[in-house]
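# Summary of the model geometry
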Amino acid sequence: MAMPSLIPQALAGATAGFPVKVNPKFDGSGLDLTSYKYVTSYNNFYEFTTDKGGVKELANQGWKTDPWTIKIGGLVENPFKADVNELVKKLGGIEERIYRFRCVEAWSMVVPWDGFPLRKLIELAKPKSSARFLKFTTFVDPKSAPGQKRRTIDWPYVEALNMAEATNDLAFVATGVYGKPLPNQNGAPIRLVVPWKYGFKSIKSIVKIEFTSKRPVNTWQQLAPEEYGFYANVNPEVDHPRWSQASERIIGGGFSARQPTLLFNGYEKEVGHIYKGVNLRLLY
Ligand code: MTE
């Protein structure tokens, strides 16, 4: 008789490295955490549906996120494929970081993510000097992900960072949230978290990372280049063509909870230097 799994389907992502400890550098002091309930039930994951409240149910109807292989390749000395649990062990485990999270749709959360700095994975891959960008790709499986039966997006979902962004201390790869493996709806078992950028850069359920010399075209830029750029840095002064970015709705904060948007989502000290001399209005 098969042993029943101790981990319910909804928590099927990568289990390696738990329990986690909070990194004191990102302990969230001064921030009010968004509840687990909101973080895991108000989701953008177009592979399943464009209805934020409907992702959780559709992503937990048999879509398997364990085991899961991620492939690292392109312009690197050490291309490799690894199961996500094995990768976590190889990189020396995971830690918790509390980050602000801001969607381009002008809502925000504060989320305790569990994972490892992207830089650690880059060091393992050993990029060649010609590598200037990292291109991230999400799975394709229309049988499990009904949203992929529709051509809302030219699947797979793709995102990218330049090398300075990817090696910044804030760039994080999450395998968990709130001290537990990532639920499917949050991008199990492995996703990107770049908190100074709009949420669409934080690509979910990654199957491939390629190092490239040319700048990749990310999914939202391809869909609507006049609305979504490559950089997508949070910026209160650069409005979306159809709405203001000056303030944001706080998810779980009550009906009228709003706050002013911060440049780079409050992480100017950490990432401002990357964009010195860059015209942030043109390179939105
Ligand atoms: N990644 C994939 N593969 N597909 C998506 O639709 N949506 C993005 C991002 N990553 C998305 C994705 C957007 S718009 C946001 S705001 C965040 O995921 C939402 O992450 P969350 O549901 O964990 O809050």
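Above this text you will find the structure in question.
Read on for a plain summary of the structure. Computed from a predicted structure; not experimentally measured.

About the criteria used
Residues numbered from 1 in each chain as written. Predicted model: local features only at pLDDT ≥ 70, side-chain atom pairs only at ≥ 80, totals over all residues. Heavy atoms only, no water. Near = heavy atom within 4 Å. Polar contact = N/O pair within 3.5 Å; in protein donor to acceptor, adjacent residues only side chain to side chain. Areas by Shrake-Rupley, 256 points an atom, 1.4 Å probe, with all protein chains shown as cover. Nonpolar A, V, L, I, M, F, W, Y, C, P; charged D, E, K, R; others polar. Core = buried A, V, L, I, M, F, W, Y, C linked by side-chain atoms within 4.5 Å. Buried < 20%, exposed > 50% of the residue type's maximum accessible area, 1.4 Å probe, protein only. Helix = DSSP H or I, 4+ residues; strand = E, 2+ residues; numbered from the N terminus. Contact = heavy atoms within 4.5 Å. Pairing = 2+ DSSP bridges. Axes fitted to C-alpha atoms, helices over the stretch in contact; angles between N-to-C directions. Salt bridge = Lys/Arg side-chain N within 4 Å of Asp/Glu carboxyl O.

Within the structure, the ligand sits among 17 residues, and Asn43, Tyr46, Glu47, Arg191 and Lys204 are positioned closest to it. A distance of 2.8 Å is found between a nitrogen atom of the ligand and a side-chain nitrogen or oxygen belonging to Glu47. The protein chains hide 97% of the 530 Å² of surface that the ligand would expose on its own. For the shell around the ligand, a count of residues per class yields 8 nonpolar, 6 polar and 3 charged.

Let's shift gears to the nonpolar core. Among the nonpolar cores identified, the biggest contains 78 residues, and Trp113, Leu118 and Phe211 are the most heavily contacted of them. Looking at this core element by element, the count peaks at 5 residues for strand β4 (residues 107-117). Setting aside residues no more than four positions away along its own chain, Trp113 makes contact with Glu95, Glu96, Arg97, Tyr99, Phe101, Phe172, Ala174, Gly176, Val177, Leu182, Arg191 and Val193.

This brings us to the sheet that holds strand β2 (residues 80-83). Strands sit in the order β2-β1-β10-β5-β6 across an open sheet of 5 strands; the sheet is mixed. Edge positions in the sheet fall to β2 and β6 (158-162), since each of these pairs with one other strand and no more. On average, adjacent strands in this sheet sit at an angle of 15° to one another, irrespective of strand direction. Looking at chain direction, strand β5 (residues 133-138) and β6 are connected through 5 bridges and run antiparallel. Each bridged residue has a counterpart across the sheet, and for Phe136 the counterpart in β6 is Glu159.

Its location among the elements puts Gly13 in the segment before α1 (36-39). For Gly13, a relative accessible area of 1% puts it in the buried group. Expressed as a C-alpha distance, the spacing of Gly13 and Lys25, which sit 12 residues apart in the sequence, is 26 Å. Those residues in contact with Gly13 that lie beyond four places of it in its chain are Thr65, Asp66, Pro181, Leu182, Ala188 and Pro189.

On to the pattern of salt bridges, then. Considering all chains together, one arrives at 13 salt bridges under this definition. Residues Lys25 and Asp169 are paired through a salt bridge, measuring 2.7 Å at the closest nitrogen-oxygen approach. Of this pair, Lys25 sits in the segment before α1 while Asp169 sits in the loop between α5 (163-166) and β7 (172-177), and the two are 144 residues apart along the sequence. On the basis of relative accessibility, which here comes to 60%, the residue Lys25 falls in the exposed class. Under the relative-accessibility criterion, Asp169 is labelled partly exposed at 23%. Between Arg151 and Asp154 there is a salt bridge; the shortest N-O distance is 3.0 Å.

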